[in-house]
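Remarks on the overall topology
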Amino acid sequence: MVGVIGLAGGVGGQYGQRIGGPGGKGRPSGPTAATEGAVQAALRWLARHQHADGHWSVTGYTSECGKIKAYPGSCAPNPGDPDHDGGVTGLALLAFLGAGYYHGSKDIDKETGICYGDVVKNGLKWLINRQDAEGCLAPRRGEYMYDHLIGALALTEAYGLSESEHLRVSAQRAVDFTVAAQNEGSGWRYTAKSGDSDSSEVWICSPRTPSRRTASSTAATTRSAACWAAPAWGCCA
């Protein structure tokens, strides 16, 4: 997948501060041993419960329990709606990306022997492989917009960390679909152009635009959504 996605050139700005995992450069203060330990424990759980094809399952995560000798126990089953596997996979990827791991990372967890770069690489590959022709990252069933948006945020964050051209293309398509899905003069809800708007606004405003091509249209889209929400937010003069 690294051969397909490609490794980055230099990574700067806020993204460059993350690279290197725990205690990576740009993090001289703030995290403590306790907070870093908690983050690593959470990432370790996520890594152990990722499926072989790269995704995290809302219903089947317990099937991954007990596969690593150091963790022989099983989790309590608490299944959700499998249509949201894409959103859950995006959230899991954001946890690794936020901790400074990307698809080119070589860090191997000592307790599990799992390479976190492979975790991110396989998760991104799964997301990209299910992206449709219009850029949507989720099956268009039920309340799919949330899942698309979380996946879009994961892709744009991964691009920001790596500047991979392959990721840029997929991330751009996800942003383009997001812009096209907006209700005219309003916001978003559970599906594209649903005619109604709700709290999906929060996820809409998060994905970063990966190229200049849609920077202006994305900015206009975000302003339009903010103006729609102004009565609730008390803003947008």
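Below you will find a few notes about this structure. Computed from a predicted structure; not experimentally measured.

1. Overview of helix H3 (residues 33–48)
Helical geometry: 3.6 residues make up each α-helical turn, so side chains three or four residues apart lie on a common side. Here H3 spans 22 Å end to end across 16 residues, near enough to the 22 Å set by a 1.5 Å rise per residue. When H3 is considered as a whole, its buried residues turn out to be Glu36, Gln40, Leu43, Arg44, Leu46, Ala47 and Arg48. On its buried side, H3 packs onto helix H4 (85–98) and helix H5 (116–129).

2. Describing the layout of surface pockets
Taken as a whole, the largest pocket holds about 160 Å³ of empty space. Along its surface, the largest pocket is lined by Ala47, Arg48, Gln50, Glu64, Lys67, Ile68, Ile114, Cys115, Asp118, Val119 and Asn122. For the lining of the largest pocket, the secondary-structure elements that each account for two or more residues are H3 and H5. Here the lining of the largest pocket gets three residues from one element, more than from any other, and that element is H5. Grouping the constituent residues of the lining of the largest pocket by class yields five nonpolar, two polar and four charged.

3. A closer look at the environment of Leu43
Here Leu43 shows up in helix H3. With 52 residues separating them in the primary sequence, Leu43 and Ala95 have C-alpha atoms 7.2 Å apart.

4. Considerations on the pattern of salt bridges
Summed over the entire model, instances satisfying the criterion amount to eight salt bridges. A single network of salt bridges, built from pairs that share partners, joins Arg44, Asp109 and Glu111.

5. A few points about helix H7 (residues 165–180)
With 16 residues, H7 should cover 22 Å at 1.5 Å per step; its first-to-last C-alpha distance of 23 Å lies within 8% of that length. Regarding H7, the residues found buried are Leu167, Arg168, Ser170, Ala171, Gln172, Ala174, Val175, Phe177 and Thr178. With a side-chain oxygen positioned 3.4 Å from the backbone nitrogen of His166, the residue opening H7 is Ser164.

6. Thoughts on the packing of H4 against H5
Taken N-terminus to C-terminus, the directions of H4 and H5 make an angle of 150 degrees; their axes are 10 Å apart at the nearest point. In the packing of H4 onto H5, the handedness of the crossing is left-handed. Contacts from Asp85, Gly86, Thr89, Leu93, Phe96 and Leu97 of H4 reach H5 at Tyr116, Val119, Val120, Gly123, Leu124, Trp126 and Leu127. Residues of the contact of H4 with H5, tallied by class, amount to nine nonpolar, three polar and one charged.

7. Some remarks on the packing of aromatic side chains
For the structure shown, the criterion picks out four aromatic pairs. Plain terms: the ring middles of Phe96 and Tyr116 are 5.2 Å apart, the flat faces sit at 70 degrees to each other, and that makes the pair edge-to-face. Highlighted residues: Phe96 in helix H4 and Tyr116 in helix H5, separated in sequence by 20 residues. The burial state of Phe96 is the same as that of Tyr116; both residues are buried. Measuring from centroid to centroid gives 5.0 Å for Tyr101 and Tyr116, while their planes differ by 80 degrees, and the two rings are edge-to-face. With Tyr101 in the loop between H4 and H5 and Tyr116 in helix H5, this pair connects stretches of sequence that are 15 residues apart. Residue classification places Tyr116 among the buried residues on the basis of a relative accessible area of 2%.

8. Looking at the environment of Gly80
Among the structural elements, Gly80 can be located in the loop between H3 and H4. Linking Gly80 and Ser57, residues 23 residues apart in sequence, is a C-alpha distance of 9.0 Å. Not counting chain neighbours up to four residues away, the residues in contact with Gly80 comprise Val58 and Thr59.

Reading guide: rules and limits
Residue numbers here run from 1 along each chain, matching the order of that chain's written sequence. A pLDDT threshold of at least 70 governs which residues receive local features in this predicted model, and a stricter bar of 80 or more applies before side-chain atom pairs are shown or counted, although totals over entire chains, interfaces and linings include all residues. The side-chain values count all of the structure's non-hydrogen atoms but skip hydrogen atoms and water molecules. Numbering of helices and strands runs from the N terminus; a helix is a DSSP stretch of H or I covering at least four residues, while a strand is a stretch of E covering at least two. One less than the number of residues in a helix, times 1.5 Å, gives the span that helix is expected to have. When accessible area is computed with a 1.4 Å probe and restricted to protein chains, residues below 20% of their type maximum are described as buried, those above 50% as exposed, and intermediate ones as partly exposed. A contact between two residues is defined here by any heavy atoms of the two lying within 4.5 Å. Points on a 1 Å grid, built from protein atoms alone, make a cavity when a 1.4 Å probe fits but cannot get out and make a pocket when they are open with protein on both sides within 12 Å along at least 5 of 7 lines; residues with an atom within 4 Å of a point are the lining residues. Grid points are joined across faces, edges and corners, and a volume is the space filled by probe spheres set on the points. Three categories are distinguished: nonpolar for Ala, Val, Leu, Ile, Met, Phe, Trp, Tyr, Cys and Pro, charged for Asp, Glu, Lys and Arg, and polar for the others, with Gly belonging to the last. The salt bridge definition used is simple: a Lys or Arg side-chain nitrogen within 4 Å of an Asp or Glu carboxyl oxygen. Two N or O atoms count as a polar contact when they lie within 3.5 Å, although within protein this holds only if one can serve as hydrogen donor and the other as acceptor, and sequence-adjacent residues are included solely when both atoms are side-chain atoms. Here the axes come from fitting lines to C-alpha atoms, over the contacting stretch only for helices, and the angles between their N-to-C directions go from 0 to 180 degrees. Crossings are classed by handedness, with left-handed meaning an anticlockwise turn of the near helix from the far one by less than a right angle and right-handed meaning a clockwise turn. Within 6.5 Å between ring centres, the rings of Phe, Tyr and Trp (the latter by its six-membered ring) count as paired, and their orientation is classed by plane angle as stacked under 30 degrees, edge-to-face over 60, tilted in between.

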